[in-house]
Each structure stands twice: as structure tokens, then as C-alpha cells.
Amino acid sequence: RELDRRTSDEDWADVERYPLLGVPVSVKDQIIQKGFDATMGSAARCFQWGPSGAPEDGLHMRLLLEAGAIPFVRTNTPQALMLPESANNVWGTSRNPFD
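Quick caveat: nothing in here was measured; it's all calculated off a predicted structure.

Undergrad: Can you help me understand the overall build of the protein in this one?
TA: Each helix and strand counted, the protein has three helices and four strands in total. Secondary structure elements in the protein, listed N-terminal to C-terminal, are α-α-β-α-β-β-β. In terms of C-alpha radius of gyration, the protein reaches 16 Å, well past the compact-globule figure of 13 Å for 99 residues. Seen along its three principal axes, the alpha-carbon backbone of the protein occupies a region of about 45 × 35 × 20 Å. Residues counted as buried form 29% of the 99 residues belonging to the protein.

Printed below as a string of C-alpha cells:
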């Protein structure tokens with residue numbers, strides 16, 4: 001609803017300027033996002049910016065937001081992004097709710 005209030009009809013039509021306008025995206029835990037830690041599954045990276053998380057968005061997050069994307073969830077990553085399954089000592093193992 002907030003997006004609808006601040007977005008004009010011209011913005012919705014401008015796919016060159018906002019190619020991801022209104023598209024919900026999940027953000028991996030390695031991406032720096034304001035108010036969150038980017039732990040990459042490593043306990044050593046927890047609270048690296050203090051209890052309030054990152055003070056500002058990183059480059060990848062800014063690019064997504066500028067394109068109009070709507071971040072709605074943070075997703076788990078394997079420790080140091082080294083393994084094919086998402087299990088780490090910070091968040092545990094990601095599981096499929098249907099299995």
C-alpha cells in the first residue's frame with residue numbers, strides 16, 4: 001500500500017527506470033541491508049555493526065531498491081558460502097516445509 005501511495009502511474013509505466021518495480025525479492029544473508037547483520041553464516045560476523053545492524057544499505061541492496069524491488073525476507077546461506085546446502089551455526093539448517 002505504501003508503494004501504491006508513493007508511486008505514480010508514470011513510474012509504473014517506466015520499465016527502463018524501474019525494471020523491478022513492485023517485485024518482491026528475498027535477500028541473502030551475505031547482502032548488506034540497513035538494520036541487519038550480513039553474517040554469511042559465520043558467528044564471527046554477528047553484531048559486527050552493533051545490535052542495530054548495518055548503518056546503511058550496501059551497493060547490491062541500493063541497486064535493488066533503486067530498481068523498485070521490495071525486499072520482504074532475508075534468507076539463509078551456508079557458512080562462508082562454501083557448501084551447497086544452507087546450514088550454519090548462526091541460523092541453523094534451512095528446511096523445506098513440504099518435506
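Undergrad: Explain the pairing of strand 1 (residues 24-28) here, please?
TA: Two faces, one strand: in a regular strand the side chains alternate between the faces of the sheet. Residues of strand 1 alternate between two faces, with Val25 and Val27 buried on one and Pro24, Ser26 and Lys28 left unburied on the opposite face. Examined bridge by bridge, strand 1 and strand 2 (residues 70-75) share five bridges and lie parallel to one another. For Ser26, the partnering residue across the bridge sits in strand 2 and is Val73. In the classification by handedness, the crossover that spans strand 1, the intervening helix 3 (residues 59-66) and the parallel strand 2 is right-handed.

Undergrad: Sorry, what's going on with the pattern of salt bridges here?
TA: Opposite charge on two side chains permits pairing when their charged atoms draw close. Tallied over the full model, the rule gives one salt bridge. In this structure, the salt-bridge partner of Arg74 is Asp29, at a minimum N-O distance of 3.2 Å. Pair noted here: Arg74 is in strand 2 and Asp29 is in the loop between strand 1 and helix 3, with a separation of 45 residues, a long-range link. With relative accessibility at 21%, the residue Arg74 sits in the partly exposed group.

Undergrad: Whenever I open this one, the environment of Val25 confuses me. Can you help?
TA: Here Val25 is to be found in strand 1. Distance in space between the C-alpha atoms of Val25 and Ser42 is 23 Å, their sequence separation being 17 residues. If we ignore the near neighbours within four places in the chain, the residues touching Val25 are Ala69, Ile70, Pro71, Phe72 and Val73.

Undergrad: Whenever I open this one, the environment of Gly50 confuses me. Can you help?
TA: Of note, Gly50 is situated in the loop between strand 1 and helix 3. A C-alpha to C-alpha distance of 33 Å links Gly50 and Tyr18, two positions 32 residues apart in sequence.

Undergrad: Help me out: how do you make sense of the environment of Asn76 in this one?
TA: Assignment of secondary structure puts Asn76 in the loop between strand 2 and strand 3 (87-88). The class for Asn76 is buried, based on a relative accessible area of 12%. Sequence-wise, Asn76 and Tyr18 are 58 residues apart; in three dimensions their C-alpha atoms are separated by 27 Å. Residues in contact with Asn76, not counting those within four places in the same chain, are Lys28, Ser86, Asn88, Trp91, Gly92, Thr93 and Ser94. Here the side chain of Asn76 touches Gly92 through a polar contact of 3.1 Å, landing on its backbone oxygen.

Basis of the calculations
- Residues numbered from 1 in each chain as written.
- Predicted model: local features only at pLDDT ≥ 70, side-chain atom pairs only at ≥ 80, totals over all residues.
- Heavy atoms only, no water.
- Helix = DSSP H or I, 4+ residues; strand = E, 2+ residues; numbered from the N terminus.
- Rg over C-alpha atoms; globule rule 2.2 N^0.38 Å.
- Buried < 20%, exposed > 50% of the residue type's maximum accessible area, 1.4 Å probe, protein only.
- Pairing = 2+ DSSP bridges.
- Right-handed = clockwise from strand over helix to strand, strands pointing away.
- Salt bridge = Lys/Arg side-chain N within 4 Å of Asp/Glu carboxyl O.
- Contact = heavy atoms within 4.5 Å.
- Polar contact = N/O pair within 3.5 Å; in protein donor to acceptor, adjacent residues only side chain to side chain.

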